[in-house]
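Remarks on the overall topology
Chain residues, written in single-letter form:
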Amino acid sequence: MSGKRIGVGLIGTGFMGRAHTLGFSIAQRSFTLPFELDLAVIADATLPAAEAARRNFGFRKATDDWKSLLTDPEIDVIDITTPNLLHREMALAAIAHGKHVYCEKPLAPTVDECAELVAATEKAGVITQVGFNYLKNPLLSLAKDLIDSGEIGRVTSVRGIHAEDFMADPTVPFGWRLDPLSGGGALADIGSHIIASFRHLVGPISSVLAETVTLVKERPVARGASEMRPVEIDDITRAFVRFESGATGSFEANWCATGRKMQHDFEIYGTKGAIVFSQERMNEIRLFRAGEDIRTRGFTTIWAGPEHPPYGAFCVAAGHHLGFNELKAIEAHEFLNAIATGKRPATDFREGYEVQKVVSACYASARSSSWITIA
Ligand SMILES: NC(=O)c1ccc[n+]([C@@H]2O[C@H](COP(=O)([O-])OP(=O)(O)OC[C@H]3O[C@@H](n4cnc5c(N)ncnc54)[C@H](O)[C@@H]3O)[C@@H](O)[C@H]2O)c1
């Protein structure tokens, strides 16, 4: 960090590389940042890909060698948006060079590797952030406030799902998301989001009973290829969960849910009310209060607006809708503020480790067909 400038080195220029760039850029224009942001270097596996992204995304330099970011004095933050299996090596190297690290989920394939990452960050004293962006929705902050203030009473039960359909077509070829070395399939990749939401809203999960399903047993090795490769990981995982608070619940992670694009949904029931949310309608949340007049009581729809911070940083009028990239902007802003203040973000590598403990316990439960207690 030179003076009030912070240099970003971004690795990966795909879906998330673009979303992180937009997140930083929108944050820069929406919030008062503690630093002047410098989109310094962008890296990808090939120079043409990195160079094309440099031009589109507005970085100063491009490279096909991510390791060159480690020793670059102009880079303070390494932002990792590469396939899951690469996160650990890149994050450990960045931490070893004293860089702050923003990394996509899932952090690493195993609990031990996540613990190794947490230990490394704590030893180096760097700030980290994981891409659990759905938690950054101002309406999830409202939900958390309502739960913490007792508005819906004691939480008794919870249902959740993270479902998409990008793997429903059996002709989708074998890719990095299906690599068994990545630590899992739908649960590790997208189920980590619903686990993070459960933990955020209801607290630590103490035990799980899970079942995994591999729906598409083999996939073409490449798009249109006749050669097939067996699939060993889960397309669907369903789990019953018990929370430390005594609440119980269930969730599903499913990337073959035909027609579903972003069903990150939950229902939280308490002794005095309930909260219902769907990411496909991310600008509204529904609240039920059991104490209201029985003739008129029912779920009330609350639209996101400036009274739900930090919505007002993006738009002065309620109901005009935030989008996915604003969630990334809130996440990026939280990360930059943490670097300025030294205060850990709620979704740093420690949270990535806690989520991975639940993921791994679900896989262990599915293998043994038994409840697994989470240490
Ligand atoms: N938080 C979220 O909502 C969310 C959504 C989608 C994906 N993700 C996560 O983001 C990560 C990336 O997913 P994506 O959908 O952007 O994938 P993607 O395939 O679109 O992009 C991955 C990028 O990494 C690059 N890459 C691969 N190997 C590299 C190497 N050795 N050096 C430099 N670059 C390399 C690829 O060329 C590509 O540009 C994954 O970990 C995924 O789980 C998170």
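Residues numbered from 1 in each chain as written. Predicted model: local features only at pLDDT ≥ 70, side-chain atom pairs only at ≥ 80, totals over all residues.

1. Remarks on the site of the ligand
Close to the ligand lie 22 residues, the nearest being Gly12, Gly14, Phe15, Met16 and Glu104. Tallying contributions element by element places helix H1 (residues 15-30) first for the shell around the ligand, with three residues. Of the residues assigned to the shell around the ligand, the class counts are nine nonpolar, nine polar and four charged. (Near = placed C-beta within 6 Å. Helix = DSSP H or I, 4+ residues; strand = E, 2+ residues; numbered from the N terminus. Nonpolar A, V, L, I, M, F, W, Y, C, P; charged D, E, K, R; others polar.)

2. Some words on the sheet that holds strand S5 (residues 100-103)
The pairing of strands in a sheet comes from backbone hydrogen bonds and takes either a parallel or an antiparallel form. What the six strands build is an open sheet, ordered S3-S2-S1-S4-S5-S6; its pairing is parallel. Looking at strand neighbours, the two that pair on one side only are strand S3 (61-63) and strand S6 (128-130), the edges of this open sheet. Averaged over all adjacent pairs, the angle separating strand axes in this sheet is 20°, with direction ignored. Sheet topology places S5 next to S6; three bridges connect them, and they run parallel. Its bridge partner being in S6, Val101 is matched across the sheet by Thr128. The sheet contacts of helix H7 (residues 324-341) involve strand S1 (5-11), S5 and S6, and relative to S6 the element is tilted by about 165°. (Pairing = 2+ DSSP bridges. Axes fitted to C-alpha atoms, helices over the stretch in contact; angles between N-to-C directions. Contact = placed C-beta atoms within 7 Å.)

3. A look at the environment of His320
Summarising the element assignment, His320 is placed in the loop between strand S16 (300-303) and H7. Sequence-wise, His320 and Val221 are 99 residues apart; in three dimensions their C-alpha atoms are separated by 44 Å.

4. A short note on the nonpolar core
Counting 100 residues, the largest nonpolar core has Val101, Ala143, Phe198, Val208, Ile268 and Cys362 as the members making the most contacts within it. At ten residues, the largest contribution of residues to this core is made by helix H6 (residues 186-202). Both domain 1 (5-132) and domain 2 (134-373) contribute no fewer than three residues apiece to this core. Not counting residues within four places of it along the chain, the set of residues in contact with Phe198 comprises Val158, Gly160, Ile205, Val241 and Phe251. (Core = buried A, V, L, I, M, F, W, Y, C linked by C-beta atoms within 7 Å. Buried ≥ 20, exposed ≤ 12 C-beta atoms within 10 Å, placed from the backbone. Domains from an automatic or database assignment.)

5. Looking at unusual backbone geometry
The omega torsion of the bond from Lys105 to Pro106 falls at -15°, within 30 degrees of zero and hence cis. Note on placement: Pro106 falls in the loop between S5 and helix H4 (111-124). Here the residue pair Pro309 and Pro310 is connected by a cis peptide bond, since its omega of 5° sits within 30 degrees of zero. As for its position among the elements, Pro310 is in the loop between S16 and H7. Residue His321 is not a glycine yet carries a positive backbone phi of 80°.

6. Considering the domain arrangement of the protein
Domain boundaries assigned for the protein yield domain 1 (5-132) and domain 2 (134-373). Between the C-alpha centres of domain 1 and domain 2 there is a distance of 23 Å. Residue assignment for the side of domain 1 that touches domain 2 shows that the elements contributing at least two residues are H1, S5, H4 and S6. A total of eight residues in the side of domain 1 that touches domain 2 trace back to one element, the largest contributor, which is H1. Classifying every residue of the side of domain 1 that touches domain 2 gives 25 nonpolar, ten polar and one charged.

7. Let's talk about H6
Counted at 1.5 Å a residue, the expected span for H6 with its 17 residues is 24 Å, and the 22 Å between its end C-alpha atoms agrees. At Ser192, H6 shows its largest bend, some 45°. Of all 17 residues in H6, 16 are buried, a share of seventy percent or more. Phi turns positive, to about 105°, at Gly203, one or two residues after H6. (Expected span 1.5 Å × (residues − 1). Bend = angle between axes of the 7 residues up to and from the residue.)

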